[in-house]
Amino acid sequence: MGQLLQFDGASMDDSKTTAPAADKTPVIELRNVSKTFGEVRSLSGIDFKVYPGEIVGLLGDNGAGKSTLVKTVMGYHRPDAGGEIFFKGKPIRDWSVNRARSLGIETVYQERALAEKQPIWRNMFMGREPRTKWGLLDVKRMKSESARLMTEHMGFTSAAVHPDNTVMTMSGGEKQGVAITRALYFDAELVILDEPTMGLSLTETKKTLDFVGNIKKAGKSAIFIDHNIFHVYPVVDRLYVLDRGKVAGVYTKSQITMEDLIDRLYRVARTGSLEEAKPA
Amino acid sequence: MKRLLKIYLDKPELAGIVLLIILIAVFQVTSRGFLLSYDNLRGVLGLLPEMGMVAMGVTILMIAGEFDISVGSVFALAPMVMAITNNMGVPFVPAVLLGLLAAAGIGATNGMITLRFGIPSFITTLGMLFIARSITVVISGGFPPLLSADIPGWIFTQYIGLIRMSMFWFAGLAVILAITLSLMNLGNWIKATGGQIDAANAMGIPTSRVKMFCFVLCSMLAGFAGIVQVLRLGSPLPSLGEGLELQAVAAAVIGGTSLFGGIGTVVGAIVGALLIRVIDNGLVLSRVDANWFKFAIGSLLILAVIGNTWLRRQSRRIKLET
Ligand SMILES: Nc1ncnc2c1ncn2[C@@H]1O[C@H](COP(=O)(O)OP(=O)(O)OP(=O)(O)O)[C@@H](O)[C@H]1O
Ligand SMILES: [Mg+2]
């Protein structure tokens, strides 16, 4: 997979219609998706696409709606009426976590999605446990596969990866490793990473970022959320900036430098708009 | 070695078994050898299934992160329904099934109310404790109906040597439930649902249905246990099973079930129930004032929770390496 996607054609301030590799169908597409929780409107009229083999970054302030957006993509939230979700070009109505997972959408959460009191081997296959021909859990396989995946994919040292260890006893980075390994194992088409580096040390952050790179090498797509633009910029192909539930801008990496992007983010924070502030 | 130690620390029911052995030894002495005599064992083991089944149901529900303290009332309601319908002419087996259906209905109601309104199941089932008891008394018409003489109650009550038939039912259910909990994906889901419901939801586990299943299972086990007891006694007293809910929760907790969900075993429930039965019996045989029974159970309960918490903390310090 040496050939990276070439993005061209879209102009920098044409924020809604950036269409890289326009000949390809997006893996996932949201059209006019809104999400309201009672009084709070977390998303309003979002148009969002992820193309095959593409890493899409999501930037935005606390509460901008990044987590809500990805939770909608992975079936945890249902969009309000009027919003549509397309998977590989097909509209999908009965969108749910199970549906999303069966189509190959896996998540590594901001709040770590592991059952803390259970051992690693029970977590690794949660919701899709392999079974023997008797219908019982294939415990032997669950344990050996867990150990293998953890060492092979995450480069874990032996201490942390014994499949019988309870998740609660692991460090934050190790837990994230289990979640990432799990996503990888299930052969995801689209991996969603919501602040996977939160609270991780420098070396563990590096590992996580390498993993994001691996997703691309494997020809899969990812959505990557992180507050640290120095983490996001190097690994993504395209960036969405969210502001108070709306898409404030879409950028192809080849069209914007990191400095320019930082400038614009400051501007959003100050004025609520990505463009030059108009004289008052 | 480290591995063995960790396995031991991770299984609070093993601590319960050790305690059980110690208590049996002590009572064996204080009862001057009567505790383990054939006749006494027969009595103790004959009663164990009734409480053991309730404790298993409560344990599994607690692992799923919910409580049921209405089990004592369901324990009375199910056999009452069975007896009344049987007296109205419904044959024995359908009457038993009707009793179980009533229990399932109570469990489903507990689950539905708890999940639909998002209230603590402790409250839902506390309400149900009163409601189901009241229904039992009302439908009994104030005096207990007699069971007709020709029903085949022996399938639960007949002794085969040392063991009553009810023990086979109990053992069979225990094996099925233990396998479900540790070797089926449903068991994995129950533990995840009770331990970390957000994580379970995120992985696509149908947590509401899992909880619903556990509510219904818990109620049906309590109802079945009540039916077994009534067939043993010959008549469904409306006051049957009063206080049983607390003993069942105590058995679950003594057997290592966490009050916060996610942790517990069927074996633990059985060990807990057995401990309570042995203490009850042992105190009587040792001619201790019977009023000390609740004192003993209470102390054991508190000590068990302190002990289990400590064990778990120790276990967490030990990490296995490959
Ligand atoms: N389940 C919910 N119920 C009610 N409000 C919610 C819910 N989930 C999110 N919100 C609200 O929606 C808004 C967007 O939240 P979201 O978690 O998507 O932000 P975010 O961009 O991920 O922020 P952060 O960078 O802090 O993680 C916030 O105002 C939040 O309070
Ligand atoms: Mg977030």
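Owing to the predicted nature of the structure, the values given are computational and were not obtained by experimental measurement.

Parameters and conventions
- Residues numbered from 1 in each chain as written.
- Chains lettered and ligands numbered in written order.
- Predicted model: local features only at pLDDT ≥ 70, side-chain atom pairs only at ≥ 80, totals over all residues.
- Heavy atoms only, no water.
- Helix = DSSP H or I, 4+ residues; strand = E, 2+ residues; numbered from the N terminus.
- Expected span 1.5 Å × (residues − 1).
- Buried < 20%, exposed > 50% of the residue type's maximum accessible area, 1.4 Å probe, protein only.
- Polar contact = N/O pair within 3.5 Å; in protein donor to acceptor, adjacent residues only side chain to side chain.
- Near = heavy atom within 4 Å.
- Areas by Shrake-Rupley, 256 points an atom, 1.4 Å probe, with all protein chains shown as cover.
- Nonpolar A, V, L, I, M, F, W, Y, C, P; charged D, E, K, R; others polar.
- Pairing = 2+ DSSP bridges.
- Contact = heavy atoms within 4.5 Å.
- Axes fitted to C-alpha atoms, helices over the stretch in contact; angles between N-to-C directions.
- Buried area = accessible area lost by both parts, 1.4 Å probe.
- Salt bridge = Lys/Arg side-chain N within 4 Å of Asp/Glu carboxyl O.

Enquirer: What should I look at first to understand helix α13 (residues 266–285) of chain B in this one?
Expert: Residues three or four positions apart in an α-helix share a direction because the helix packs 3.6 residues into each turn. Residues and elements named next belong to chain B. Look at α13: 28 Å from first C-alpha to last across 20 residues, which is about the 28 Å you get at 1.5 Å a residue. Most of α13 sits out of view: 16 of its 20 residues are buried. At the N-terminal boundary of α13, the capping side chain belongs to Thr265, with an oxygen 2.9 Å from the backbone nitrogen of Gly268. Positive backbone phi, approximately 60°, marks Arg287, located one or two places after α13.

Enquirer: I keep staring at the site of ligand 1 and nothing clicks. Help me out?
Expert: Residue and element names in this part refer to chain A. Around ligand 1, the structure places 13 residues, and the nearest of them are Ser42, Lys66, Ser67, Thr68 and His227. Here an oxygen atom of ligand 1 sits 3.4 Å away from a polar atom, N or O, in the side chain of Glu195. When the free accessible area of ligand 1 is taken as 630 Å², the share hidden by the protein chains comes to 64%. Among the elements that take part in the shell around ligand 1, helix α1 (residues 66–73) stands out by supplying 3 residues, more than any other. Across the shell around ligand 1, the residue classes break down as 2 nonpolar, 8 polar and 3 charged.

Enquirer: Help me understand the sheet that holds strand β5 (residues 90–91) of chain A in this model?
Expert: To summarise the sheet geometry, strands pair through backbone hydrogen bonds and adopt either a parallel or an antiparallel arrangement. Residue and element names in this part refer to chain A. The strand order β2-β1-β4-β5 describes an open sheet built from 4 strands, whose pairing is antiparallel. Unpaired on one side and paired on the other, β2 (40–50) and β5 mark the two borders of the sheet. Bridging between strand β4 (residues 84–87) and β5 involves 2 bridges; their strand directions are antiparallel. By the bridge assignment for β5, Phe87 is matched with Lys90. Its contacts with the sheet place α1 against β1 (28–37), β2 and β4, and it is angled at close to 60° to β2.

Enquirer: Got a minute to help me understand the interface of chain A and chain B in this structure?
Expert: Many analyses report the size of an interface as the accessible area lost when the parts associate. Each side of the interface is counted separately: chain A has 35 residues, and chain B has 33 residues. On the chain A side of the interface with chain B, the three residues burying the most area are Lys117(A), Arg122(A) and His162(A), jointly 20% of the side's total. On the surface where chain A and chain B come into contact, there are 0 salt bridges. On inspection of chain A and its partner chain B, the count reaches 12 residue pairs in polar contact (both at pLDDT 80 or more). Listed by contribution, the elements that provide at least two residues to the side of chain A that touches chain B are α2 (97–102), α4 (139–154), α5 (158–161) and α6 (172–185) of chain A. Among the residues making up the side of chain A that touches chain B, the classes are represented as 17 nonpolar, 8 polar and 10 charged.

All quantities given are derived from atomic positions and should not be read as evidence of function.
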